[in-house]
Structures are given as C-alpha cells and as structure tokens.
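What the coordinates show
In case you want the letters, here they are:
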Amino acid sequence: MVGAGQVGTTILEALRGEHEFTVVDRDHERLAELVQNYGVAVVEGDGTSRHVLKEGGIEEADLFISCTSRDEANLIACLLTRRLAPNAKTIARVSNEEYLEVWRDHFLDVDFVVSSELEAALAVSRIIGIPAARQTDVFADGQVQMVEFEVPRDAKPGAVIGRRLRESAISYDSRVASIIRDGRRIVPRGSERIEPGDRVVVIGSPKAINLWSAIVAGGEQRTGDVVVFGGGRTGVAIARVLLSQGCRVRIVEADSRRAHRIAELLPKARVLEATGMNPDFLDREQIGRAEVAVFAMREDAKIHYAATLAKLHGVPFTIAIVHDAASIEVFEKSGIDVALNPRLITSEEIVRFAHDPRTRQVSMLERNRFEILDVTVREDNELIGKPLSELPVTGTVIGAIIRNDRAFFPHGHDRLQRGDRVIVFTESEHAVKLEREL
Amino acid sequence: MTDTRRFKRVVRRRALGVSVRASLHALGRVLEIVSLALAAPALVAAVYLESPLPFLIPLAIGLAVGFLLERTNRGKGRLGTREVFLVIVLAWLAAALLGSGPYLLAAHGLKHWADAFMESMAGLTTTNISVIAEPGRLPRSLLFWRQFSQWLGGLGVIVLTLALLPRLRVGGREPTIAEQPGQEVERLSRGVKVVIRRFGLLYLGLTIVAAVTFIGLDLFDIDDRLNVFDALGLALSTVSTGGFSPHAGSLADFSIATHWVVFVFMALAGANIVLLFRALVRGEARPLLRDSETRLYVVFAVLGAVGIAAALVAGDVASGWRSIHEGLFQAVSFLTTTGFTTGNISTWPLAATAILIGLALIGGCVFSLSGSQKILRVQIIGKLLHREITQTVHPEAVLHIRINRRLVDERAVRGIISFALIFFGLLALGVLVLELDAARMNFHLNVFPALADTTAALSNGGPGLGFAGPTGSFAPFSDVSKLALSALMLLGRLEIIPIAVLFSKSYWRP
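These figures come from a predicted structure and were not determined experimentally.

1. Structural notes on the overall build of chain B
The helix and strand tally for chain B stands at 22 helices and 3 strands. Against the globule reference of 24 Å for 510 residues, chain B gives a C-alpha radius of gyration of 23 Å, in line with a compact fold. Along the first, second and third principal axes, the C-alpha set of chain B runs to 85 × 70 × 55 Å. Within chain B, the proportion of its 510 residues that are buried is 56%. Entry remark: accessible area of chain B is about 22100 Å², with carbon and sulfur atoms responsible for 66%. Between the averaged position of the 47 positive side-chain charges in chain B and that of its 32 negative side-chain charges there is a distance of 14 Å.

What follows is the structure, given as structure tokens:
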C-alpha cells in the first residue's frame, strides 16, 4: 500500500487480518507510527518510484492500494505495478472525477478507482434521498438507484397505481423489485397491481426514479431545495449529483474566481459569491427556507460555525463534510445532523473491493428483511446466456445489469453475459446462497 | 544637422501610431478590384448596344489611382490590426465615389453629384435608399450597375463581418466563440481568402440559384412582367439584402410567385451564413436548427407578421390571406433589412409601419448579409436586463449570460451595450439632422417619416416613408440631408465602431 494517511490507516486497520501489508510513504514519522501501532513492514520513499516499489517487494503482491492524496501519484503507482506485478489487483484513490471517467472508459489499466469526492456526493444523495421515499441507495457510481416508496393511502388510481404492472406506464428504465403490502411481500409479477398504502421497491435510472417519485408523491412536486456551502471539488461533486436528481441547488462560495468557475461548470445551479458566516446574507437569500444545507468547506472549524449559524436561521437538516476523523463525534454531538468524512467513506469502499472484488455494495431494506447486492457474475456461471424470463422465479429480482460500465435495466428477453455486474434484490435469508450461485 | 534636430525628426516620424502608407497600399489593391468590377456593367452596355464609356472611364481612373497607391506605398509599414480600420473605411468611401461615376456620366443618369454619391453609397451598403423613382428610365447598363453594386456590397459585407470585424473585436462580435489565440498571428490575407472561398462561393451559389429560379418564373410564364434582365437584377439585390428593384414601385409590378421566391432568398440572406454553410454545404442542419438566434429570428418574423396582419385588418387595408401575405413578406423584408415592398407602405396604418421600423432596428442574424444591430445583440441585451433584475434580488449571485449554452464573455457584453447605445444615439442624431435641415430649407417633415428614413439609412434597410416611400424617392432631400444619410448608411454597414475609432485620439497615437 502506498500512502499512510487517514485513508491508508483506516484500510490497514480493516484489512490487516487478511493481508500482510507493506506500506510505502514519504513521511518518516507516519511510518514510525504505523510500525508502532500495527507492526507492518514499511518502506520510506516515493510510491511512484520503481525502485521503492521493488524494495517493498511489489513482485510478490496480490493487492496494491495507492491512497495518497495525490491523484497522479496514485495512478502512476498503479500503472507501474501493473507491469511489475501483472497478477496484483490495483486500487487507486483519486479526487478528480475526470480520472474516474477516464477509467470507466478503459483508458486507465487499473482494477478499481475510487473518487473521494464522488463517494461523498453519493453519500449525501443517499441521505437526502427522494420525496415519498422511505429509503434510497445508489449503485454503480450513481447510474442505478434503488428506492423504497410508500404509496400514500389516499393516492388516486392513475397510470401506475391500481393498474396491472404489465399494463401500467412504468418507465422502461426501471423495475419494480418488490411490493410490500401489510408487511407481506408480493413478488411483482405482471398481473399484480400497486395499490394505495403499499410500499414499493423500485430499481432504476435516476431519471426514471424521479418519474416514479412524481407518480407516487402525486401532484406534490419534489422541493429538494439544497444549499451547498463551499465550492471545492467535493462541493461541486455533491451539487452535480443532486442536480442530476432534480434538486434545486444553490452553491455558496466565497472565492470570486472559483464562484465564476462553478457558475460556468454548473449552469443549472445558482452560485452565490458569499461566505456562509454572514447572517445578513443568509437572511437575504432566505437560506433558512432550504430543506438541507451541506457544508463542504476547507476547514472543519468554519464548517462547524457555518452549520450552526444555518441551523439558527432555520435550516432543518445539516450535513457536514468533515476532514478530521475525530471531528465526526464533535459535530454530531453539537447538533449537526450528519457528519461525513470522505476519507472514511473512501477507505470503506476500498476495503469492500479488496475484501471481495465481486460484491461491491450491499444495502438493507425493511429492517434487514431484504438485501440489495451488487455482484459481478462468475465467469463460469451456468446462468450466463439464458434469457432472464427463463430463470427460476424465487422472488429474487435482477434490477439492473452493468455491462461495460454502463447500466441498463433488463427485461424478460435480456440475457446475462460474461463480466456482467448485477444489482439484485433478494430476501436476506437467500442472500448468501444467491451470492454463491452468481 | 544637430543631434537635437535629428532627434526631433526621428520622433516626429514616429508620432503616428498608424501606418498610413501601409493602409494606402492596401487601399490601392481594394480599389483595383472594385474598378475591375465595373467591367461587368460595361459588358452589359455592349450587349444592349449602349455606350460603355460611363463605366470604362471610372474603371480606368480607379485602376490608375489604385495602381499608383499600391506602387508608391509598396513595402512601407506593416498592415496590422489598427491599419485595417482605416482601410475598411477608406475602401468603402473610395468605392462609393468610384461607383458614383457611372450615374453622373451615363446618358439619362443623375445630374447632381450628391445624388450620385448617395445612390452609389446605398448600393454598396446594400441599402434600399434611392433618388431614382423610375429605374426603368435608366439605361440598361446603368440599371445593371445599380443592382450589381448591391451584390458587390454584400460580398464586401461577408469579408467585413467574417474576416475583418472579428479580428478587430468590434461591438461584441463572435461573443460565443472562444477567442482563438492563433488568429492574431495568422496573416490577414489568408483569413480573407478562406472567407471568400467558403462563404463568398456560397453567396455566389445562392445568387445563381435565385437567378435561375427567377428566370424559370419568366420562362414558364408564371410572371409575365419578369424578363431575364429583371431576373438577374432581382437575384443580385435579393441575396445581398439590398432591395433595389429594376422596376418602379419596388415589387408591386411582379406576381405573388415572384414575391415568395424573393421571400425565401431574403430569409436565407438574413440567416447566419456560417450555420447556413454548414447546413447547405456540409449537410449538418442541426447547428442551424438548434441555434437560439435562428429560432429567435423566426419568432421575430412571425410575431412581426402577425402584428402587421392585425394592423392591416384593423385599418381595413387588407384582409384574410392578403393581410397574412403582406404581413409576412413585409416583416421579413424589414427584419432582414432588404426593403422590398409589395404595396405602398406609406399609406399603411401607423401601427403596421411602426412594427416595420422596429423590425428594421433589430436586423437579421449575426454573420448574415443584413444590417442593423442583429438579433444576437438584442438577445444578449435582453438577457443582460434579465440578469440585472435577478441580481437586484440576489446581490451575491454569480450570473453568467449564455447563448446556445455557451458562456458570453463579459467584455463582449460591454461591447454590445456600447454598440447599442451608439446605434440609438446615431438614430436620434440622424432624425435631428433631417429635421433641422428640413427647417432650414423651409419644408415640413413629420417626425415619424424622418425616423423611418433615418432607420432606413442606419439599418441599411429602406425604403423610407412619405415622399421617400416605395413609390417615391429620396431626391427631395437637400444635399446636407443626403450626405447625412450617406454617412449613416456607411456607419451602419461598418458597424459604427471602425469609423468611431478613427475619430479617437488614442487610435492615431502610438
């Protein structure tokens, strides 16, 4: 592993039971600390240097993680490793979302790339969610969304509600994974209907989910009024994800040039050139009317002050993107609703991939009665090539398939292919069996 | 010679920031080309057995002066951005002077120099302002020159708007295209050649298609008032948004079929020629169809047509299909600053003519052949006003102006505001001059026709109202008014700033 900062340490802590680590870092003190706390082997030097990597025994490695704060260093280290140890799985941490895009387009020969900014943004969007939704989750870098809707008891029958599923006007880019009526689960066959008072689990593209939310919530349009304080990379990533979900987003950035740059990047957002510490400004722009305020500034202390001020002005829900691992507790103790640490989220994501590259993300529903898995299908699976309609009906629903890093939402005639990643909805008791079968 | 004197001499020689001699050299070349263009009407004169001398004499003078200027100033100074301003203005003036020669020399031409100069200036600025009420009485060759000068002016406009003005950053041109740093270094002549090769050829092609269509109308007896000469003449003044007609009373003589053909080519000439090139030559229609300015162009035309039709119906001038036809044709004719008319708009209700003046003050698309302010500028000013209002409510908001989703540079926005201010300032000044001059000459000129006449000149549209309307001419105006109108035509055609620059001290200083 290259990088012994916060992310590195968290990963080390989680994985040292399964792997034998050698840590490379330029900072002597950090390494000394690691040796003291975990007793791992260390090499002092630059991870982008071939000699340093060789010194760390790269040739024998099965897993290579580069998680310094420098994107380019991480990528170069991974690319070097690809040559030095062709069999090792490589993981790079990046901040710049553009590298992520490049990786998704297969320009970078790295096994897994995580962007802290995007992870933070997805985490925020998971929390903020969608109107009428009880729970939401995002998969495949935001391409797939899972939402559990609660259909209001007084909902009027329409194009979807009260109709047979096969006849209803459901967006092609979404699938009903399950209907839950009076605590009982109903397998969503074409003949079933969604009725008022039901809970529905839907998997689909963000756009389709927005349509669903409009249908289920009735005429009640989503308000989704979010203010993002701080227009750094994280702030912009959050704004972008929320905008794509149809939220109204305002970004507050004090630096004039940066503010103009953001206004250029995100034409749909309203950019305000101001600081979040100014009560007059908060008053004038009626920030207190916003439903959620997200704080993604550079300093934790400033975030804390601005978040508290926003609370005072009446923002009901505040999310802080903090930098120091220790801050989380402080923030949540002092009335900020959620504190997220992008580094921790990133390390969790890396750990998940390192742990089992096939299963990337698991999400629980209905007090753990159901699970949603994100699994890569085994190369030699006998289900490959069969149309989905011929698979045995077990109540397990394949909600989405990610093929070549693009998500689509399969229908009965679609078939699984080698290398597919699937987003599956299943009952928790079958989860382990399912994972084995896939 | 003492050192002090030598110092003073050297310093005085460098006192000008503009190389006048390099400009004169370039002017000489332009003059040669314009003179050669006079060979065309001379040829027509030969065909109709008229005297070619009215064309050959200016041709010889122009060639001689041009050659002299080029010869004596060869290799003197560098032709840079600053010199281009001077060349543009001098070239248009010289061409207008040269072009006025045939009017004065031809039999049954014009007697007075101011008349000839204004007629020539109107032609070369593609304006439908004329002192000739009965063009049919002119010799054929002179009539051809009158039509052809508009086409030449149109070609000049293409070079001006596509090759020269963007380089001079005049009046917020090209605000949506990011500045290309390489352009500065690239040689001027190359830019001009590329523009002529692409858009000049498209212009020529459109003219040929228009001429063939008109000839077709003649051959198939769809319009019996149209002959081959008229067909050619109409094509030349339609595609250039000039608006001169070979017949008296503009297009009133011709049939409805001819009107619609004119309508189509006017509309094309008022569209962005760069996007038109991509659509017609490269087969990419999408950029043209998705262009917000083009859409607004259609919206303005339709709104104008509806407004005019309503005014005509209310004023009992026309009804039903006729009012729609008149409304649409006249709206597009004024919006593209062509200035053809199918009836006498002087007798129309005030509301209808007011709409026409309003449309002429907007103009066609940017990079088109039409004059006036252009829709893009109006669009950006509209967005600017909207932004100011939003900014009042949200003082901290960072608001950008976008056209076709692309950012508009703030400097371009400033340029556009100043352009619009000068434009309307000149309009007011023009009306004032016409009125003062009328008072001096003791004849009564209503403010509304004066506004219409000034708009006609400044927007390079036309015609005027009242005695200067479609059936009349600008002849009754005094020399002072005629020169003022000529100046307005030139200012409007060159987008004001290049001329205004010449009157600033900083332009002449190093």
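2. Considering the state of the cysteines
According to the stated counting rule, one finds 0 disulfides over all chains in the structure shown. Among the cysteines around C67(A), which has no disulfide bond, C78(A) carries the closest sulfur, lying 9.7 Å off.

3. Focus on the confidence of the model for chain A
Low pLDDT marks regions whose predicted coordinates should not be analysed in detail. Confidence in the prediction of chain A, expressed as mean pLDDT, is 83, and 93% of residues score 70 or more. Confidence, read as mean pLDDT per element, is least for strand β17 (residues 359-365) of chain A in chain A (66) and greatest for strand β13 (residues 270-273) of chain A (94).

4. Some thoughts on the environment of F334(B)
All names here are of chain B. When you line up the elements, F334 lands in helix α15 (residues 320-335). For F334, a relative accessible area of 6% translates into the label buried. Between the C-alpha atoms of F334 and D253, which are 81 residues apart in sequence, the distance is 19 Å. In contact with F334, not counting residues within four places along its chain, are T341, I345, L356, L359, A360, G462 and P463.

5. A word on the pairing of β13(A)
With 4 bridges connecting them, strand β12 (residues 248-253) of chain A and β13(A) associate as parallel partners. Paired with I251(A) across the two strands is V271(A), which belongs to β13(A). Of the crossover connections in this fold, the one passing from β12(A) over helix α9 (residues 256-265) of chain A to the parallel β13(A) is right-handed. Pairing geometry for β13(A) and strand β1 (residues 397-398) of chain B, over 2 bridges, is antiparallel. By the bridge assignment, V271(A) is partnered in β1(B) with V398(B).

6. Some details on the packing of aromatic side chains
All names here are of chain B. All chains considered together, the criterion is met by 17 aromatic pairs over all chains. With a centroid separation of 5.0 Å and 75° between ring planes, the pair formed by W260 and F263 is classed as edge-to-face. Of the two residues, W260 and F263 are both situated in helix α11 (residues 256-269); the distance of 3 residues between them amounts to about one turn of the helix. For F263, a relative accessible area of 15% puts it in the buried group. Judged by centre distance (6.1 Å) and plane angle (25°), the ring pair of F419 and F423 falls under stacked. With F419 and F423 both in helix α18 (residues 410-440), this residue pair falls 4 residues apart, about one helical turn. Assigned by exposure class, F419 and F423 land together as buried. Through a chain of ring-to-ring contacts, three or more aromatic side chains come together here, namely F144, W145, F148, W151 and Y203. Against the face of F229 rests R140, its NZ or CZ located 4.5 Å from the ring centre.

7. Digging into the interface of chain A and chain B
Residue-level contacts link 13 residues of chain A with 11 residues of chain B. When the buried area of chain A at its contact with chain B is split by residue, R270(A), R284(A) and E285(A) rank highest and sum to 40% of it. Summed over the shared surface of chain A and chain B, the result is 1 salt bridge. The closest approach of N and O atoms between E396(B) and R284(A), which form a salt bridge, is 2.1 Å.

8. A short note on the pattern of salt bridges
Per the stated rule, a full pass over the model turns up 27 salt bridges over all chains. Across the pair R406(A) and D105(A) runs a salt bridge whose closest N-O atoms are separated by 3.4 Å. Of this pair, R406(A) sits in strand β20 (residues 406-408) while D105(A) is found in the loop between α5 (97-104) and β5 (112-115), placing the two residues 301 residues apart along the sequence. Note that E495(B) and K374(B) form a salt bridge whose closest N and O atoms lie 3.1 Å from each other. Pair noted here: E495(B) is in the loop between α20 (479-493) and α21 (497-502) and K374(B) is in the loop between α16 (350-362) and α17 (375-393), with a separation of 121 residues, a long-range link. For the pair shown, E495(B) and K374(B) are each scored as buried. Connected via shared salt-bridge partners are R26(A), D46(A) and R70(A).

9. Digging into the sheet that holds strand β11 (residues 225-229) of chain A
Reading across the sheet, the 7 strands line up as β16(A)-β15(A)-β14(A)-β11(A)-β12(A)-β13(A)-β1(B) and stay open at both edges, with mixed pairing between neighbours. Looking at strand neighbours, the two that pair on one side only are β16 (338-340) of chain A together with β1 of chain B, the edges of this open sheet. Alignment of β11(A) against strand β14 (residues 292-295) of chain A, held across 4 bridges, turns out to be parallel. If you follow F229(A) over to β14(A), its bridge partner there is F295(A). The strands that helix α8 (residues 233-244) of chain A touches are β11, β12, β14 and β15 (317-321) of chain A; relative to β12(A), the one it contacts most, it runs at about 165°.

10. Focus: the sheet that holds strand β3 (residues 63-66) of chain A
All names here are of chain A. Sheet architecture is open: 3 strands sit in the order β3-β4-β5, paired in parallel fashion. At either end of the open sheet lies a strand with only one pairing partner, and these are β3 and β5. Averaged over all pairs of adjacent strands, the angle between their axes in this sheet comes to 15°, without regard to strand direction. For β3 and strand β4 (residues 89-94), the ladder comprises 4 bridges, and the chain directions are parallel. Across the sheet, S66 pairs through a bridge with A92, a residue of β4. In the packing of helix α4 (residues 71-84) onto the sheet, contacts are made with β3 and β4, and the angle to β4 comes to roughly 170°. Running at roughly 65° to β5, helix α6 (residues 116-128) makes contact with β4 and β5 of the sheet.

11. A few points about a positive patch on the surface
Among the surface-exposed residues, K207(A), K268(A), R286(B), R290(B), R295(B) and R405(B) lie close enough to one another that they form a single positively charged patch. Residue position: R405(B) is located in the loop between β2 (402-403) and β3 (406-407).

12. A look at unusual backbone geometry
Residues and elements named next belong to chain B. Of note in the backbone geometry, F367 takes a positive phi value of approximately 60° without being a glycine. Structurally, F367 is set in the loop between α16 and α17. When its relative accessible area of 8% is taken as the criterion, F367 is described as buried.

Procedures and definitions
Residues numbered from 1 in each chain as written. Chains lettered and ligands numbered in written order. Predicted model: local features only at pLDDT ≥ 70, side-chain atom pairs only at ≥ 80, totals over all residues. Heavy atoms only, no water. Helix = DSSP H or I, 4+ residues; strand = E, 2+ residues; numbered from the N terminus. Rg over C-alpha atoms; globule rule 2.2 N^0.38 Å. Buried < 20%, exposed > 50% of the residue type's maximum accessible area, 1.4 Å probe, protein only. Areas by Shrake-Rupley, 256 points an atom, 1.4 Å probe, with all protein chains shown as cover. Lys, Arg positive; Asp, Glu negative; His and termini not counted. Charge placed at Lys NZ, Arg CZ, Asp CG, Glu CD. Disulfide = S-S within 2.5 Å. pLDDT = per-residue confidence, 0-100. Contact = heavy atoms within 4.5 Å. Pairing = 2+ DSSP bridges. Right-handed = clockwise from strand over helix to strand, strands pointing away. Phe/Tyr/Trp six-rings, centres within 6.5 Å; stacked < 30°, edge-to-face > 60°. Lys NZ or Arg CZ within 6 Å of the ring centre and 35° of its normal. Buried area = accessible area lost by both parts, 1.4 Å probe. Salt bridge = Lys/Arg side-chain N within 4 Å of Asp/Glu carboxyl O. Axes fitted to C-alpha atoms, helices over the stretch in contact; angles between N-to-C directions. Patch = residues over 30% accessible without salt bridge, like charges linked within 9 Å, V, L, I, M, F, W, Y side chains within 5 Å.

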